[in-house]
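An overview of the molecular structure
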Amino acid sequence: MTKTKFTILILILLTLGLVVSGCLKKPVVNQNANANTNTSEIDTSDWKTYRNEEYGFEVRYPGEWEVENEEKDIIKFWSVERLTIDHNFYPPDFLIKINLTNLGLEDWVKKMELNNGGFDRKENFNNGIYAYQRGLVDGGSTIFFRIENKNLILELIFFNDIYNNKIYQTIAESFRF
C-alpha cells in the first residue's frame, strides 16, 4: 500500500469516527445552576418564607433569592443567577399567580387546559391538592391550589419541571395555606 493510499485510509477512518461519535447520544448537562438534582436532601436552614396575609398563603424559598411583588396578582421569585438577566425577555425561576374566581378547581383547570392547548401530565400533589404540569416548551410546571374561603385559585408556575429540580420540588412542597 502506498503512502498516499494509507494517508487517505486514515483520514477516511478518522472522519467516519467523528461522524459516528457525533450521532451517538451524549448526556445532557443541566446548565441550570439551581438544579442540585443529585442531592438527596436540600438544606433549607437559610431559606426565607414569603407570606401573603391578604390571601392567606406562604411558601419557602432559598435565602439568596429575591422576591418581586410589583403587581398585585403576581409574585416573582428570582435566583441569584437569574437576577442578572434581562427580565423583559426571560422569566423568573417561579412565580405565583393569584386568581380571584368562583370556579372550582376542576372547572378552573378545564378552562386553563382549553386556553393553553392541554396539559402533558396531571396528578395529585402535596397531600391531595391537585397538580398539573403544563406542556410548555421548557418543560414548565404549574401547580393549582384552591383556597375555598377566599374564592381563590393560586398558580405556582415553575419554568422547569419540578421533578427534575430538587430545589423547585422543595419549594412546591413547602407551600401552605
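These figures come from a predicted structure and were not determined experimentally.

Definitions and cut-offs
Residues numbered from 1 in each chain as written. Predicted model: local features only at pLDDT ≥ 70, side-chain atom pairs only at ≥ 80, totals over all residues. Heavy atoms only, no water. Helix = DSSP H or I, 4+ residues; strand = E, 2+ residues; numbered from the N terminus. Buried < 20%, exposed > 50% of the residue type's maximum accessible area, 1.4 Å probe, protein only. Contact = heavy atoms within 4.5 Å. Areas by Shrake-Rupley, 256 points an atom, 1.4 Å probe, with all protein chains shown as cover. pLDDT = per-residue confidence, 0-100. Pairing = 2+ DSSP bridges. Phe/Tyr/Trp six-rings, centres within 6.5 Å; stacked < 30°, edge-to-face > 60°.

1. Section: the overall build of the protein chain
The secondary structure content of the protein chain amounts to 4 helices and 9 strands. Counting the 177 residues in the protein chain, one finds 38% classified as buried. Here the analysis covers contacts within the protein chain between residues at least 6 apart in sequence; of these, 46% occur between residues at least 24 apart. Accessible surface, the protein chain: about 11,100 Å² in total, of which carbon and sulfur atoms supply 53%.

2. Quick word on the confidence of the model for the protein chain
Summarising the model, the protein chain shows a mean pLDDT of 75, and 71% of its residues fall at 70 or more. At the level of individual helices and strands, the protein chain shows its lowest average pLDDT in strand 7 (residues 129–134), which scores 53, and its highest in strand 1 (residues 48–52), which scores 95. In this model, residues 23–39 is a region of pLDDT below 50 whose contacts with residues beyond four sequence positions or in other chains number 22 contacts.

3. Comments concerning the pairing of strand 5 (residues 94–100)
Across the 7 residues that make up strand 5, a large majority, 5, are buried. Here strand 4 (residues 74–78) pairs with strand 5 via 4 bridges, running antiparallel. Note on strand 5: the bridge partner recorded for Ile-74 is Lys-97. Bridging between strand 5 and strand 9 (residues 152–158) involves 7 bridges; their strand directions are antiparallel. Counted as the bridge partner of Leu-100 is Leu-152 from strand 9.

4. Quick look at the packing of aromatic side chains
Under the definition given, this model contains 11 aromatic pairs. Here the aromatic rings of Phe-77 and Phe-94 are separated by 4.2 Å at their centres, their planes lie at 5 degrees, and the arrangement is stacked. Within this pair, whereas Phe-77 is found in strand 4, its partner Phe-94 is found in strand 5, the two being separated by 17 residues in sequence. Residue Phe-94 is classed as buried on the basis of its relative accessible area, which comes to 0%. Arranged with centres 5.5 Å apart and planes meeting at 45 degrees, the rings of Phe-158 and Tyr-168 form a pair that is tilted.

5. Some points on the environment of Ile-75
Looking at the secondary structure, you find Ile-75 in strand 4. Classification of Ile-75 by relative accessible area gives buried; the value is 0%. Sequence separation between Ile-75 and Tyr-50 is 25 residues, and the spatial gap between their C-alpha atoms is 9.6 Å. Apart from residues no more than four positions distant in its own chain, Ile-75 is found in contact with Tyr-50, Asn-52, Phe-57, Val-67, Glu-68, Asn-69, Phe-94, Leu-95, Ile-96 and Ile-98.

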